[in-house]
Structure formats: C-alpha cells, structure tokens
Amino acid sequence: MGLMSKILGGNQSRTVEDYAELDLEDVDAGSAEATMQVHIAEVGSQADAIDIKDAVYDGDIVIADITRLRTEDSTVEHVIDELRQVAQEVDGDIVRKGDDQMIITPTGVRISREKLGQKL
C-alpha cells in the first residue's frame, strides 16, 4: 500500500504506528520554521470536531477520517455542517473524499477538484 493510500485511502482504522516518520537530516530544509501543519484526525463523535475546528482556526490543514461516523443518525450531518461552517468562516475550503475522508483547509488554501495526472 502506497503512502497516499495509507493517508487517504482504505477502510481500516489507522493508528500512529501506521505512519512512518522520514529522516529529513539528509535534506537541506534551511532554517525556516513551518507556519502550517497538516493534522490527521479520526472522528467518532461530534465532540471530535472541536479539535479539528481549533486546528483550522489556527491556520492548519486537517485530513479527517470519518469512517466511524457512517451511521443513519444525524451525527454525520451535524459534524459535516460544523466543519463546513468553519471552512466558510475562515475563507478556507472543504472537500469530502468518498465516504470516509474529509479535508478542511484554512484561509488562503484551496483544494483542487482535479486529480493530478487526470482531468475530471
């Protein structure tokens, strides 16, 4: 399974051990500090949306696994509505990838609706 498949695909639950930290000492990254982070989140209830909202308000990108929210109750729609509202408030962007992933971005970051190498 490729790196992007591990991050964005699959139907199984992920843990911290599923992600490999790469050694960047071999890369000349300069001394610039990162002004933005990409967070991976697992959403199992409406309460989990709070951390996602805080991260987006702080200017970070969140990739949220909403697999555990695939239910018939209204929780899914409430969470999606909350996250959509946050994206609108910060003039960011939000997309849903399939039934199990959402990407929420802060101000100044847009998500392309075209896959690289393909025209939709």
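Above this note sits the structure.
The structure contained in this document is the topic of the report that follows. (Residues numbered from 1 in each chain as written. Predicted model: local features only at pLDDT ≥ 70, side-chain atom pairs only at ≥ 80, totals over all residues. Heavy atoms only, no water.)

### Considering the overall build of the protein
Just so we agree on the cut-off: A helix here means a DSSP run of H or I that spans at least four residues, while a strand means a run of E at least two residues long, and both kinds are numbered starting from the N terminus. Exposure categories follow from relative accessible area, calculated using a 1.4 Å probe and restricted to protein chains: below 20% of the type maximum is buried, above 50% is exposed, and the middle band is partly exposed. We call two residues in contact whenever any of their non-hydrogen atoms come within 4.5 Å of each other. For the accessible areas, the method is Shrake-Rupley and the probe is 1.4 Å, while residue cover comes only from the protein chains on display.
When its secondary structure is counted, the protein shows three helices and four strands. Scanning the protein from its N terminus toward the C terminus, one meets helices and strands in the order α-β-α-β-α-β-β. Of all 120 residues assigned to the protein, the portion counted as buried reaches 32%. A fraction of 50% describes how many contacts in the protein between residues 6 or more apart in sequence connect residues 24 or more apart. Accessible area for the protein stands at about 8,400 Å²; split by element, carbon and sulfur atoms hold 50% of it.

### Regarding helix H2 (residues 49–57)
Here is the rule we go by: Here, the arc refers to the directions that run from the helix axis to the C-beta atoms.
Buried within H2 are the following residues: Ala49, Ile52, Ala55 and Val56. All buried residues of H2 project into a common sector of 125 degrees when viewed along the axis, lining one side. Summarising the contacts, the buried residues of H2 are in contact with strand E1 (38–42), strand E2 (61–65), helix H3 (75–89) and strand E4 (101–105). Immediately beyond the C-terminal end of H2, within one or two residues, lies Gly59, with a positive phi of roughly 95 degrees.

### Regarding the packing of H2 against H3
Helix packing geometry: the angle between the two helix axes and the distance between the axes. Selection rule: For every element, the axis is a line fit to its C-alpha atoms; helices are fit only across the contacting stretch, and the angle between N-to-C directions ranges from 0 to 180 degrees. For classification purposes, an angle smaller than 35 degrees is called roughly parallel, one larger than 145 roughly antiparallel, one from 65 to 115 roughly perpendicular, and anything else oblique.
As a packed pair, H2 and H3 sit with axes 10 Å apart at the nearest point and diverge in direction by 10 degrees. Classified by the angle between their axes, H2 and H3 sit roughly parallel to one another. Residues Ala49, Ile52, Lys53, Val56 and Tyr57 of H2 form the contact with H3, whose own contacting residues are Val79, Glu82, Leu83, Val86 and Glu89.

### Describing H3
Applied cut-off: Expected span of a helix: the number of residues minus one, times 1.5 Å.
Here H3 contains 15 residues, and its C-alpha end-to-end distance of 21 Å stays within 8% of the 21 Å for a straight helix at 1.5 Å per residue. Within H3, the full set of buried residues consists of Val76, Val79, Ile80, Glu82, Leu83, Val86 and Ala87. Across the axial projection of H3, the buried residues extend over an arc of 160 degrees, all falling on one side. Where H3 is buried, its residues contact H2, strand E3 (93–97) and E4. Immediately downstream of H3, the backbone of Asp91 shows phi near 55 degrees, a positive value.

Scope: geometric values only; no functional claims are made or implied.
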